[in-house]
There are 2 protein chains.
Amino acid sequence: MSNEKLTLQSEDFSEWYNQVILRAELADYAPVRGCMVIRPYGWAMWENIQKALDERFKATGHVNAAFPLLIPKSFMEKEKEHVEGFSPELAVVTYGGGQELEEPLVIRPTSETIIGHMYAKWIQSYRDLPVLINQWANVVRWEMRTRLFLRTLEFYWQEGHTAHETAAEAEEETLRMLNVYADFAINEAAVPVITGRKSESEKFAGAVRTYSIEGMMKDTRALQSGTSHNLGQNFAKAFNIQYLDRNNELQYCWTTSWGLSTRFIGAIIMSHGDDQGLILPPRLAPIQIVIVPIFRSDEEKSVVMEATEKVKVMLGGFRIKVDDRVGITPGFKFNDWELRGVPVRLEIGPKDVANQSVTAARRDIPGRDGKTQVPFNTLQEEAGKMLTAVHNNLLDKATAFRESHTYDPKDYQEFKDVIQNGWAFSPWCGDTACEAKIKEETKATTRCIPFNQEPFKGKCIACGKDASEKVIFAKAY
Amino acid sequence: MSNEKLTLQSEDFSEWYNQVILRAELADYAPVRGCMVIRPYGWAMWENIQKALDERFKATGHVNAAFPLLIPKSFMEKEKEHVEGFSPELAVVTYGGGQELEEPLVIRPTSETIIGHMYAKWIQSYRDLPVLINQWANVVRWEMRTRLFLRTLEFYWQEGHTAHETAAEAEEETLRMLNVYADFAINEAAVPVITGRKSESEKFAGAVRTYSIEGMMKDTRALQSGTSHNLGQNFAKAFNIQYLDRNNELQYCWTTSWGLSTRFIGAIIMSHGDDQGLILPPRLAPIQIVIVPIFRSDEEKSVVMEATEKVKVMLGGFRIKVDDRVGITPGFKFNDWELRGVPVRLEIGPKDVANQSVTAARRDIPGRDGKTQVPFNTLQEEAGKMLTAVHNNLLDKATAFRESHTYDPKDYQEFKDVIQNGWAFSPWCGDTACEAKIKEETKATTRCIPFNQEPFKGKCIACGKDASEKVIFAKAY
């Protein structure tokens, strides 16, 4: 709670990002390097994210469970690519109850291995399939360079883990959950993500195919905001997840995993925020409407507070907050709630009460243009409409921003230019060495190979070899 | 899913407990000693517990947040009693990212220390108080003797942590949350708990006073099912949680903490279960009503399934499941859902359809006595009434069981007898040495000093010294 000016986005985006998180009290630094505390305002947003996703998971037939935090170190070594990917990031428990452990335990960086171990025990027959389990959990990855929400040693996520009879069903599930993520991002968070497939070098350690949703942040960098992996039979073979098929023959299952984390809060902050602070998407905002009563005398106070109570009751279906703090000016309160990104603010002063109306201000439209007078008798309906309008406007603006910063450079020289401040949607040969060279020369990586593209034949933007697909290249978080 | 006979409760209560958990698929053993996997059926019950508690926490002004899993080892050492209590139970991370850590980190066994550290940073003035935060989290305690749900290395819980201006407010909060637990236990779980104060030796490591809810299990042992601690200024002094008071003077805060864990699922199992398996309290049961369609021919099937669909729609407000598994007899299904403790079963056969009714069976009343014919047109109302009746009956039976197994022995000899198969509600001098001697001689510990008792003057049941209170003694989990 401070009325000091934020660093401007245009001046130092990264500093703006840190400041807005700390000042809006979304999160704070923890005493252990790279860890964070998610404060009540930030956690309330995560709870809304959880609710929106969990409903979608249950509607697609999934159930929740809880697998252990601690995994025998040897488990991590059973899948070759998995261990290579995660070994450098492990936190290792070597002492328990005052004794050195015979086998060290790792804190889960992800749970394919321990869940694979349990599935091998639970699954006997095709009748037991599919297994469709999700868990909401904390995981630990020992990252060296950390950022609040975007990359922390411990983070919160959901991880879905499913087992299937056929390769086709596993692929169908992988894509279904990717689409659930995209639907959530667009329709709940107003974050217009692109869905597509990851390149070989960018896929999950142990996956056959990884799909992702990618969003463009307001500094034009890409943020991978959720991933869905088709694991083929890799983990089934490493953990012996077998079933008797319809012909009574033993087969390996086909498995998937998919995850979305507290990193998504970073996507929300950087997709919508402005120089005044956060702008939260109305369907996930912990407070959708803040009411600021304004009065100077005790007489005004009693009139205004009576009206405020009435308004509060009218808006019962929304997540509202009445800011009745004393000793703080209305102007300070306006700035404070703007910083915290509350989508709609209602001001109620003596004149408003006299007119039987409130002054409503939209967070996404600064100044007078965002203000309207709303009569009490249409307030409930208008409040709903305003929140929808904010959602749509945030989505439109973020989409337009992405489109205006996505380029189709004519050659590698132009590619190098546009990638400084935007995405390149360019033909690529698919060669990992070529991809590595582009990264070295431009710092841009392949973000995804979008599903939504025309059939294509041409030459790779970097090396000139044949290319049959176009890829999004971008600097990424 | 097995129709083998369970071990009888009367034969081997402890074996019955393990079997019922594994067979009903509430939980399973994890590959790490002492850890468990909470399976979807068990986790769904925990989600219902979370919902019932979270509503109560929010109604009493609390908000949720998330503090880190990893705590610097030195933090644990700042509060003298706390470190003594928890040191033997710590899991210690010594390696991260392939490097030995300069300072080892412990996995939180509870979060007073790290939350205290953050509160010291966040709280400046009396205007910042009270701070009323809860978190839903996993914690790790390196227990040597473990039991599914009752005592596991990792468990799930909520831990509330609050900071206040005055000692009185902290005490009020501590008791408020104890009463929230009791209300939840009685009105949601039908577990008739006793509220009271813990003795000095049984209180939380670092608390000034600990209160608990205690339930009697069907083997007459006591289970501490939730605790609420008044921490006085102990943690405030250890972590420098200070505020400027209304006179602009620096003061230490008064703090509390309170927790209820997945152990409570053990309380539910052991309060209500019988030789056929679980009996789940209707308000927390993942499935409140199971519908078993019964038919022999295709013709019967189409009639029965049509009626089943209609019944399903009628019961839209309840958590229901239609068991339409093929190749499994109705008798097998009945046993299976009895094992899993579903409170009400509806059978729909051709005769039922002809009569425009269903056969309803209550899980808490075995055999014919629990069965009634319910016409379709009153089914929705009757289903609600039956679930309420099951709840009330479970609560009444558990209360009567506790009362009939709670004794007021006339001397220490009789005390030793009754404690073998019940609780003793007996005068106690309050001396820790006397308490230790009783424990050594009888294995009974002081469970709590109940609030609900008459003013008392008499002699200690064990040592004969003056006693001014009566205490519940019991063998405990």
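Residue numbers run consecutively from 1 along every chain, following the written order of its sequence. Throughout, the order in which chains and ligands are written sets their labels, letters from A for the former and numbers from 1 for the latter. Residue-level local features of this predicted model are given only where pLDDT is at least 70; pairs of side-chain atoms are given and counted only at 80 or more, and the full residue set underlies all totals for whole chains, interfaces and linings.

*Asks:* How do you make sense of the overall build of chain A when you look at a structure like this?
*Replies:* Summing up its helical and strand segments, chain A has 14 helices and 25 strands in all. The globule rule used here is 2.2 Å times the number of residues to the 0.38 power, and the radius of gyration it is set against is calculated over C-alpha atoms. Its C-alpha atoms give chain A a radius of gyration of 25 Å, within 12% of the compact-globule value 23 Å for 477 residues. Over its C-alpha atoms, taken along the principal directions, chain A stretches across nearly 80 × 60 × 45 Å. Burial analysis of chain A (477 residues in total) assigns 49% to the buried set. Excluding contacts between residues fewer than 6 apart, the proportion of contacts in chain A whose partners are at least 24 apart in sequence is 68%. What counts as a helix is a DSSP run of H or I of at least four residues, what counts as a strand is a run of E of at least two, and both are numbered from the N terminus. Partly exposed residues are those whose C-beta has more than 12 but fewer than 20 other C-beta atoms within 10 Å; 20 or more makes a residue buried and 12 or fewer makes it exposed, with C-beta atoms placed from the backbone. In this description, a residue-residue contact is defined by the distance between C-beta atoms placed from the backbone, which must lie within 7 Å.

*Asks:* Looking at this structure, I do not really get the relation of the copies chain B and chain A. What am I missing?
*Replies:* Here two copies of a chain appear, and what relates them is a rotation about an axis with a shift along it. Superposition of the copies used a least-squares fit over C-alpha atoms from residues whose pLDDT is at least 70 in both. You can overlay chain B on chain A at an RMSD of 0.0 Å; the transform is a turn of 180 degrees with a shift of 0.0 Å along its axis. Put plainly, the chains are arranged around a two-fold axis. Taking C-alpha positions as reference, the residue of chain B nearest the rotation axis is V93(B), located at 2.1 Å. Of the interface residues in chain B, 100% have counterparts in chain A that sit at the interface too, so the contact is made through matching surfaces.

*Asks:* Looking at this model, I keep getting lost on unusual backbone geometry. Mind explaining?
*Replies:* Among all residues save glycine, negative phi is the norm, and among peptide bonds the norm is trans. Residues and elements named next belong to chain A. L129 connects to P130 through a cis peptide bond whose omega is -5 degrees. Its location among the elements puts P130 in the loop between helix 5 (112-122) and strand 7 (131-140). The backbone of E25 sits at a positive phi, close to 60 degrees, despite the residue not being glycine. Checked against the element boundaries, E25 lands in the loop between helix 1 (13-23) and strand 1 (27-29). Judged by the 15 C-beta atoms lying within 10 Å of it, E25 falls in the partly exposed class. Its identity as a non-glycine residue notwithstanding, N240 has a phi of 60 degrees, on the positive side.

*Asks:* Help me understand the domain arrangement of chain A, please; the structure alone is not making it clear to me.
*Replies:* Interface size is commonly expressed as the accessible area that is lost once the parts come together. Along its sequence, chain A is organised into domain 1 (13-272), domain 2 (289-386) and domain 3 (406-474). As used throughout, domain bounds are those supplied by an automatic or database domain assignment. One C-alpha centre belongs to domain 2 of chain A, the other to domain 3 of chain A, and the line joining them spans 49 Å.

*Asks:* Explain the sheet that holds strand 5 (residues 91-96) of chain A to me, please; I cannot follow it from the model alone.
*Replies:* Two modes of strand pairing occur in sheets, parallel and antiparallel, and in both the strands are linked by backbone hydrogen bonds. One open sheet holds the 6 strands; their spatial order is 4(A)-6(A)-5(A)-5(B)-6(B)-4(B), and the pairing between them is antiparallel. Strand pairing shows two members of the sheet lacking a second neighbour, strand 4 (70-72) of chain A together with strand 4 (70-72) of chain B, which therefore form its edges. Here the average twist between neighbouring strands, direction ignored, is 45 degrees. Sheet analysis places strand 4 of chain A next to strand 6 (residues 99-107) of chain A, joined by 3 bridges and oriented antiparallel. Strands are treated as partners if at least two bridges between them are detected by DSSP. Axis angles are defined between N-to-C directions and span 0 to 180 degrees, where every axis is a line fitted to C-alpha atoms and, for a helix, only to the segment in contact.

*Asks:* I would appreciate a short explanation of the environment of V471(A) in the present structure.
*Replies:* On the secondary structure map, V471(A) appears in strand 25 (residues 469-474). Setting aside its immediate chain neighbours within four residues, V471(A) contacts S426(A), W428(A), T446(A) and I449(A).

*Asks:* For this particular structure, what's the right way to read the sheet that holds strand 9 (residues 194-197) of chain A?
*Replies:* Residues and elements named next belong to chain A. Taken in spatial order, the 11 strands make up an open sheet running 3-7-8-14-11-10-9-22-25-21-20, and their pairing is mixed. The open sheet terminates on both sides in strands that have one partner only, identified here as strand 3 (63-64) and strand 20 (406-407). Inspection of the sheet shows strand 22 (residues 445-450) paired to strand 25 by 3 bridges, in the antiparallel sense. Looking across to strand 25, one finds that C448 is bridged to I472.

*Asks:* How should the interface of chain B and chain A be read in this particular structure?
*Replies:* Opposite the 41 residues of chain B that make contact, chain A presents 41 residues. Ranked by the residues each element gives to the side of chain B that touches chain A, the list is headed by strand 5 (residues 91-96) of chain B, at 6 residues. Each residue belonging to the side of chain B that touches chain A can be placed in one class, and the counts come to 29 nonpolar, 7 polar and 5 charged. Pairing between strand 5 of chain A and strand 5 of chain B: 5 bridges, direction antiparallel. Each residue of the ladder has a partner; that of Y95(A), found in strand 5 of chain B, is V92(B). Under the scheme applied, nonpolar residues are Ala, Val, Leu, Ile, Met, Phe, Trp, Tyr, Cys and Pro; charged residues are Asp, Glu, Lys and Arg; polar residues are all the others, including Gly.

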